[in-house]
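Okay, here's what each chain looks like letter by letter:
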Amino acid sequence: MKFKNMNKVHPYIILFMRIVLGLVFIAASYDKLLNPQQFARDISNYHFIPFGLENFVAIILPWIELFIGTSLILGIMIDGSVLTTGVLLIMFNFLVFQAMIRGFNIECGCGLKEGEMVGVQKLIENFTLLIFSYTIFINKKRIFEFYPKTTLS
Amino acid sequence: MNFRLQFIYLIIVPSFLGLGVNFINQNSLPLVAKSIEEITSSDHLKSSNQLANIRKIDIKLALELYSKKTLFVDARAEEYLSDGIIPGAIFNDDIEILSSKIDSVIGLDSAFVVYCSDDDCGSSEDLAFELQDLGFTNILVFSGGWKSWTDSGYEIQKYE
């Protein structure tokens, strides 16, 4: 489904969205890369990942966030990057939502603000970034996209 | 390269990089997390072969330790303390102040209990790991926490 005119956004606005989304993901990865132990405990607090696999997620997820954030800003594999951000954001919102429904009063472990708790504000932030991802994905007229190249690059 | 292939690259390459960095890191995480050992008797507190600095206790042992005047530390956020605290429990948002307070009362190696709201709150475990990093070697995480304590009808103290 495509919303009316959502695929006709000006390339500079798309560039702005890419930079915002990229910076958010790079910033989110920073603390997690420095302290994977803490991130693993944050994941564990959601009581959702089975078999002790929170460590595995804590090891790989920050690197994925760093890669897609950097790719978005540098204009490399943008379609794949926004697809990944979209999948991750849907996953994050699902985790936050289930934690809220189960009454968990826990830190979100998002890596952006220390002590940030799960809640409606987090859901709205993620949803906004999800709209950014979708908008970037359906708008193929882009500037500063270097690999794979588009007609405008 | 289509977007599906890009997606696969963007998952696989950083995943292997992360695993590689973790492998060579001195403080590497095991790929599968071990759960915290649970103890059910105060006899285990002085075990000479104690390997873990952090262990879990249930309400029964928490009450036993409370009656033996063991130090309790409240790990909840300050806004939740208006409900009350376990009598004698200490609290401080600042980890440095809190740790020096615990150190001055019982030292680094004596057992003390950390608790938060309930089974699922997580902040007691987070605080336990932070305190472990600061040198404490005998930290007991009270699993049921405040909810389990008040549900059992045990005495509470007003927080001021």
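In this text, all values refer to a predicted model and were calculated from it rather than measured experimentally.

K.L.:
Can you lay out the overall build of chain A for me, pointing to particular residues and giving the numbers?
P.N.:
Counting secondary structure elements, chain A contains 5 helices and 0 strands. Along chain A, helices and strands appear, N-terminal first, in the series α-α-α-α-α. Computed over C-alpha atoms, the radius of gyration of chain A comes to 16 Å, within 12% of the 15 Å expected from 2.2 N^0.38 for 153 residues, which places it in the range of a compact globule. Contacts in chain A between residues far apart in sequence, at least 24 positions, make up 68% of those at least 6 positions apart.

K.L.:
Break down the sheet that holds strand E3 (residues 112-115) of chain B for me, citing the residues and quoting the values.
P.N.:
Strand pairing in a sheet relies on backbone hydrogen bonds. The paired strands run either parallel or antiparallel. All names here are of chain B. Spatially, the 4 strands line up as an open sheet ordered E1-E4-E3-E2, and their pairing is parallel. Two strands in the sheet have a free side with no partner beyond their single neighbour: strand E1 (54-57) and strand E2 (71-74). Across the sheet, the axes of successive neighbouring strands diverge by a mean angle of 30°, strand direction being ignored. Strand direction decides the pairing type here: E2 and E3, joined by 4 bridges, are parallel. The residue bridging Asp74 from the neighbouring strand is Tyr115, located in E3.

K.L.:
Please set out the domain arrangement of chain B residue by residue, giving values where relevant.
P.N.:
Domain boundaries assigned for chain B yield domain 1 (1-33) and domain 2 (42-151). The C-alpha centroid of domain 2 of chain B is placed 36 Å from the C-alpha centroid of domain 1 of chain B.

K.L.:
So what about the nonpolar core? Which residues, and what values?
P.N.:
Counting 72 residues, the largest nonpolar core has Val73, Val113, Val114, Tyr115, Ile139, Leu140 and Phe142 of chain B as the members making the most contacts within it. If you tally residues by element for this core, the top one is helix H3 (residues 54-74) of chain A, at 11 residues. Formed jointly, this core draws a minimum of three residues from each of two domains, domain 1 (1-33) and domain 2 (42-151) of chain B. Not counting residues up to four positions away in its chain, the partners in contact with Val113 of chain B are Ile57, Ala62, Leu65, Thr70, Phe72, Val73, Leu140 and Phe142 of chain B.

K.L.:
I'd like to hear about helix H1 (residues 3-24) of chain B, residue by residue, with values.
P.N.:
Here H1 of chain B spans 32 Å end to end across 22 residues, near enough to the 32 Å set by a 1.5 Å rise per residue. Of the positions making up H1 of chain B, those classed as buried are Gln6, Phe7, Leu10, Pro14, Gly18 and Asn22 of chain B. In a view along the axis of H1 of chain B, the buried residues occupy a sector of 115°, so they form one face of it. For H1 of chain B, exposure combined with an orientation more than 90 degrees from the buried face picks out Arg4, Leu5, Ile12, Phe16, Gly20, Phe23 and Ile24 of chain B. If you follow the buried residues of H1 of chain B, they end up packed against H3 and helix H4 (78-101) of chain A.

Criteria and thresholds
- Residues numbered from 1 in each chain as written.
- Chains lettered and ligands numbered in written order.
- Predicted model: local features only at pLDDT ≥ 70, side-chain atom pairs only at ≥ 80, totals over all residues.
- Helix = DSSP H or I, 4+ residues; strand = E, 2+ residues; numbered from the N terminus.
- Rg over C-alpha atoms; globule rule 2.2 N^0.38 Å.
- Contact = placed C-beta atoms within 7 Å.
- Pairing = 2+ DSSP bridges.
- Axes fitted to C-alpha atoms, helices over the stretch in contact; angles between N-to-C directions.
- Domains from an automatic or database assignment.
- Core = buried A, V, L, I, M, F, W, Y, C linked by C-beta atoms within 7 Å.
- Buried ≥ 20, exposed ≤ 12 C-beta atoms within 10 Å, placed from the backbone.
- Expected span 1.5 Å × (residues − 1).
- Arc of directions from axis to C-beta.

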